[in-house]
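Summary of structural features
What follows is the residue order along each chain.
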Amino acid sequence: MIFEYRTERQREILCLFFFFKKQKYLLMRLEILPNELFFHFFSFIDVVHLFRAFFGLNNRFNYLLFNHLQTHQLNLRRISKHDFDLMCKQYFPAMIYSIRSLYLSNEETPQLCDLLSSRGYDLNRFIHLQSLSLHHISSLQILIPMISLCRTLRQLTHLFIIDCSIDQKQKQPIVDLFNNIWSISSLIHCDLNGITLNHISFSHVSIFPRSSSSFVVTSTSIRNLLIENISCDFDSLSYLLTSSTPHLQQLSTTVYSHSKSDTLTCTIPSITSLRLFFRGCIESMTNLFKHLPNLRQLTIETVDLYVDGHQWKEILLEHVRHLKIFHLKMQIEISGDDVEVKEHVDTLVDSFRTKYWIDEHRWFVRCDWESSEITTYAYLYTLPFVFKNIHYFNEYQTESTCSKKDHKEEEEEDNDVDNYRSYECVEMFTNNHRKTLHLHSFSIICNRYRHIRVLDVIFPFEVDVLNSSNLTFDNLLSLTVRMQISSGYSQLQRLCDRSLRLYSLRIIFWQKCLPKLCVLKSQSIRRIEINGMFNWNDVFSREECLTFCTSSLAQQCEVVTVEIEDRKSIIDLVERMENVRLLNVRCSDDRWNERKMISTENELIRWIENQFPSTYVIVRDVERSSYIQIWIDQQERRAKYKNGIATKSGQKMPQLITSIQKLLRKK
């Protein structure tokens, strides 16, 4: 495909531009349009495709492109191999000094960062870069050198590390990573929420460098720091706030406390905003707030910590006196029968019905719970709900301090009660328990969580409310379906029909049903992953791969992940799926063993390399080493395919001539 999928309107605009480009007499009329209108059109189109369409036409279009690039991100996350080669060869030399925001990823573009460097475009060459996003780079051997090069970028103020799960048992490389980040002298906003350390917490990172040989440097520029997936204890948090980032104003982190006496080593007056996931006791949490006297915004999520409205009021009034914005989410366990649980919840919710909560601050709460024979889990949270993930029970009960009945007068005055009930921030909904997936839940998902972007559910449902034309998922981008029986595919089709922006579909099936899969249709899906529920239980045979290649989804998808039985199916998938640019494949006869490094570890990779041109990138997935990634040069494949057709159609005559020549020589 020439351009990345977004919306039909954006496709039409880009097609129109390509049409004008090819018709020179119309191009002159296109140039009559003012610059402001071009900038508006450009905002709908990916930067890579804009350069392919307009770069080099004339000086005016080059001027428009470079100005647009200074205010819009160059996102290479889904670039094709051919477009990447074209960018490096033709466009980067001219655009590199205009780039202000750059997004690099190794997810759908394997080894992109290494390839960019090998072409001579190390990050230190982007001297005007202000914002850098690094996505799905889960190797410290790649990440650390890249960050190290950023230390020379004097205008880099924003760094985002996204979805990077680092399996690292050694402390020193982690220290090196933070040392390099902290050494970026102009860095103000540092979002490391995407870093997940699988064996080391931030506690190890902070305590370890107290030895003189590995001291974490101090950053005097960082004001906003997000490290939600790197846990801290009070010692490491003290070190972070006093020695590593002494001028920090906004912090998002996870803190675990193991003692009532845990506390920070000194007062931190610079912190004004705190987003906190906390696990510990009320005493240590109170000790934390005591040392943050200028806190004005607090968003806190707690687990197994029971604090009622009266206790929260006391803590906030005594220790967080300047607080203006407060968001809370508490997960608690309640024991007892249904009546006892209901009484317990009523008492808890009533403690938030006081003048302090309702009249003075208008901080409303809601408590959802589902009765259980053993232990009842309840979630109490403030409204509107500001967290991305939601815990949902199908058979739940609820109590709230915000209701239209209780606030009828306020609703008539400013109609804001519905705003307090809002769940606009919820982006991810995961529900893997069949017990809670009666179909009426789907209507609630659609009506209440209108901005859902990521959905993970089990199919089929028992009551098919998806027949309702009112159900739409306008913001859904990624869908994971755990398919139990084949009847769920008809419901999946209806869900796809109502998800006009759906990009990624993952199907995890209990039992393979290829005919149902092959008739699925969607105008928007460009990425599909198909897995069996049980390891190697339902891999695709070569015949099944050939059948899948003829399906609508296989023909339109650009990224395909599949488990196969026969390695020859790799050739079939690459050659027969017209638009695929990345194939992630797991093969039954792969001899790879990630635990035992043997001589045959890359035998399958070498075999694949022998089947395709050298312009293809063929590597093992860093996070899932049993999968092999093939980044396809689509232009090379199309050329080979065309030549193959020409060769087949004309190969009989050369064979006949050769035979005649041999016959004449013999005579």
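Throughout this description, residue numbers start from 1 for each chain and increase along the sequence as written. Given that the model is predicted, a residue must reach a pLDDT of at least 70 before its local features are reported, and side-chain atom pairs must reach 80 or more before they are shown or counted; all residues, however, enter totals for whole chains, interfaces and linings. With hydrogens and water excluded, all non-hydrogen atoms of the structure serve as input to the side-chain values.

1. Things to note about the overall build of the protein
Numbering of helices and strands runs from the N terminus, with a helix taken as a DSSP run of H or I at least four residues long and a strand as a DSSP run of E at least two residues long. Within the protein one finds 26 helices and 24 strands. In this scheme, a residue with accessible area under 20% of its type's maximum is buried, one over 50% is exposed, and one in between is partly exposed, where area comes from a 1.4 Å probe on protein chains only. Looking at the protein residue by residue over its 667 residues, the buried ones come to 52%. Per-residue and other accessible areas were derived by the Shrake-Rupley procedure at a 1.4 Å probe size, with only the shown protein chains allowed to occlude residues. For the protein, the accessible surface area stands at approximately 31,300 Å², while carbon and sulfur atoms represent 49% of it.

2. With respect to the pairing of strand E24 (residues 628-631)
The two faces of E24 match: Ile628 and Ile630 on one face and Gln629 and Trp631 on the other face are all buried. Strand pairing is defined by DSSP finding a minimum of two bridges between the two strands. The pairing of strand E22 (residues 582-587) with E24 spans four bridges and is antiparallel. Bridge pairing in E24 links Leu583 to Ile630. By the bridge criterion, four bridges tie strand E23 (residues 617-620) to E24 in an arrangement that is antiparallel. Its bridge partner lying in E24, Ile618 is registered against Ile630.

3. What to know about the sheet that holds E24
One key point about sheets: their strands pair by backbone hydrogen bonds, in either a parallel or an antiparallel sense. Within the open sheet, the nine strands sit side by side as E16-E17-E18-E19-E20-E21-E22-E24-E23. Their pairing is mixed. Looking at which strands have only one partner, the edges of the open sheet turn out to be strand E16 (428-430) and E23. Taking each pair of neighbouring strands and ignoring which way they run, the sheet shows an average axis angle of 15°. Of the pairings in the sheet, the one linking E16 to strand E17 (residues 454-459) comprises three bridges and is parallel in character. When the bridges of E17 are listed, Thr430 appears paired with Asp456. A fitted line through C-alpha atoms serves as each axis, taken over the contacting stretch for helices, and the angle formed by two N-to-C directions is quoted from 0 to 180°.

4. Section: helix H24 (residues 603-611)
When H24 is considered as a whole, its buried residues turn out to be Glu603, Leu604, Ile605, Trp607 and Ile608. Residues of H24 that are buried in the fold lie against helix H23 (568-576), E22, E23 and E24. Here, residues are in contact when the closest pair of their heavy atoms is within 4.5 Å.

5. Side note on the nonpolar core
Within this scheme, the nonpolar core is defined by two criteria: the residues are buried Ala, Val, Leu, Ile, Met, Phe, Trp, Tyr or Cys, and they are joined through side-chain atoms within 4.5 Å. In this structure, Leu74, Phe92 and Trp312 are the most contacted members of the largest nonpolar core, which totals 120 residues. Examining the composition of this core, we find that seven residues originate from one element, helix H6 (residues 81-95), more than from any other. When neighbours within four sequence positions are excluded, Leu74 is seen to be in contact with Val47, Val48, Leu69, Met87, Phe92, Met95, Ile99, Ser101, Leu102 and Tyr103. Among the nonpolar cores identified, the runner-up in size contains 73 residues, and Leu479, Ile525, Ala554 and Ile564 belong to it.

6. Focus on the packing of aromatic side chains
Ring pairs are drawn from Phe, Tyr and Trp, using the six-membered ring of Trp, whenever the two centres fall within 6.5 Å, and their geometry is named by plane angle: stacked under 30 degrees, edge-to-face over 60, tilted for the rest. All chains considered together, the criterion is met by 28 aromatic pairs. Arranged with centres 5.5 Å apart and planes meeting at 75°, the rings of Phe55 and Tyr91 form a pair that is edge-to-face. With a gap of 36 residues between them, Phe55 in the loop between helix H4 (47-54) and helix H5 (59-69) and Tyr91 in helix H6 connect regions that are remote in the sequence. By relative accessible area, Phe55 is classed as partly exposed at 23%. Ring geometry for Phe92 and Tyr121: centres 5.0 Å apart, planes at 35°, overall tilted. You can see Phe92 sitting in helix H6 and its partner Tyr121 sitting in the loop between helix H7 (112-118) and strand E3 (131-135), a full 29 residues away along the chain. One exposure class covers both Phe92 and Tyr121, and it is buried. An aromatic cluster of three or more residues is present, and its members are Trp312, Phe326, Phe352, Tyr356, Trp357 and Trp363. Two limits define a charge over a ring: the Lys NZ or Arg CZ must be within 6 Å of the ring centre, and within 35 degrees of the ring normal. Here the guanidinium or amino end of Lys329 rests over the ring plane of Phe387, the centre of that ring lying 5.5 Å away. Looking at Arg567, its charged tip hangs above the ring of Trp607, at a distance of 5.3 Å from the centre.

7. Overview of the confidence of the model for the protein
Of the residues in the protein, 80% have a pLDDT of 70 or more, and the chain-wide mean is 84. pLDDT: the predictor's confidence for each residue, scored from 0 to 100. Ranking the elements of the protein by mean pLDDT puts helix H16 (residues 408-414) last with 40 and strand E6 (residues 189-191) first with 98. Taken together, the stretch residues 406-416 has pLDDT below 50 and engages in twelve contacts with residues farther than four places along the chain or on a different chain. When the criterion is pLDDT under 50, residues 432-439 qualifies, and its contacts beyond four places in sequence or with other chains add up to 27 contacts.

8. Details of the state of the cysteines
Two cysteine sulfurs form a disulfide in these notes if their separation is within 2.5 Å. If you walk through the whole model with that rule in mind, you get zero disulfides. The thiol sulfur of Cys164 is not disulfide-bonded, and the nearest other cysteine sulfur, from Cys113, lies at 9.1 Å. Taking the relative accessible area as the measure of exposure, Cys164 reaches 0% and is therefore buried.

9. A look at unusual backbone geometry
Of all residues except glycine, most have a negative phi; of all peptide bonds, most are trans. Of the consecutive residues Leu383 and Pro384, the connecting peptide bond is found in the cis state with omega at 0°. The residue Pro384 is located in the loop between strand E14 (376-383) and strand E15 (397-400) in this model. Of the consecutive residues Phe459 and Pro460, the connecting peptide bond is found in the cis state with omega at 0°. Within the fold, Pro460 resides in the loop between E17 and strand E18 (478-483).

10. Structural notes on helix H8 (residues 140-149)
Listing the buried residues of H8 in full gives Leu140, Ile142, Leu143, Ile144, Met146 and Ile147. Each element contacted by the buried residues of H8 is listed here: strand E2 (101-105), H7, E3, strand E4 (158-162), strand E5 (164-166) and helix H9 (171-182).

11. Things to note about the environment of Arg77
Its location among the elements puts Arg77 in the loop between strand E1 (74-75) and H6. As for Arg77 and Glu108, which are separated by 31 residues in sequence, their C-alpha atoms are 6.7 Å apart. Excluding residues that lie within four positions of it along the chain, Arg77 makes contacts with Tyr103, Ser105, Glu107, Glu108, Thr109 and His135. Any N or O atom pair separated by 3.5 Å or less is treated as a polar contact, with the protein-specific requirement of one donor-capable and one acceptor-capable atom, and with residues adjacent in sequence counted only for side-chain atom pairs. Within polar-contact distance, the side chain of Arg77 engages the side chain of Glu107 at 3.3 Å.

12. Observations concerning the side chain of His327
Its location among the elements puts His327 in strand E12 (residues 325-334). Apart from the residues within four sequence positions on either side, His327 is in contact with Leu298, Thr299, Ile300, Thr382, Pro384 and Val386.

13. A closer look at the pattern of salt bridges
One side-chain nitrogen of Lys or Arg within 4 Å of one carboxyl oxygen of Asp or Glu is enough to make a salt bridge. Under the definition given, this model contains 26 salt bridges. The partner of Arg620 in a salt bridge is Asp590, and the shortest N-O contact between them spans 3.0 Å. Taken as a pair, Arg620 in strand E23 and Asp590 in the loop between E22 and H24 lie far apart in primary sequence, 30 residues in all. The residues Arg620 and Asp590 share a single accessibility class, namely buried. Counted as one network, the salt bridges with shared partners bring together Arg77, Arg78, Glu107, Glu108, Arg527, Glu558 and Arg581.

14. Some points on the side chain of Asn62
Assignment of secondary structure puts Asn62 in helix H5. A relative accessible area of 16% places Asn62 in the buried class.

15. A few points about the packing of H4 against H5
Interhelical geometry of H4 versus H5 gives an angle of 170° and a closest axis separation of 10 Å. In terms of orientation, H4 and H5 fall into the roughly antiparallel class. Taking contact as the criterion, the partners of Val47, Leu50, Phe51 and Phe54 in H4 are, on H5, Phe61, Asn62, Leu65, Phe66, His68 and Leu69. Just so you know how the angles are binned, under 35 degrees is roughly parallel, over 145 roughly antiparallel, 65 to 115 roughly perpendicular, and the rest oblique.

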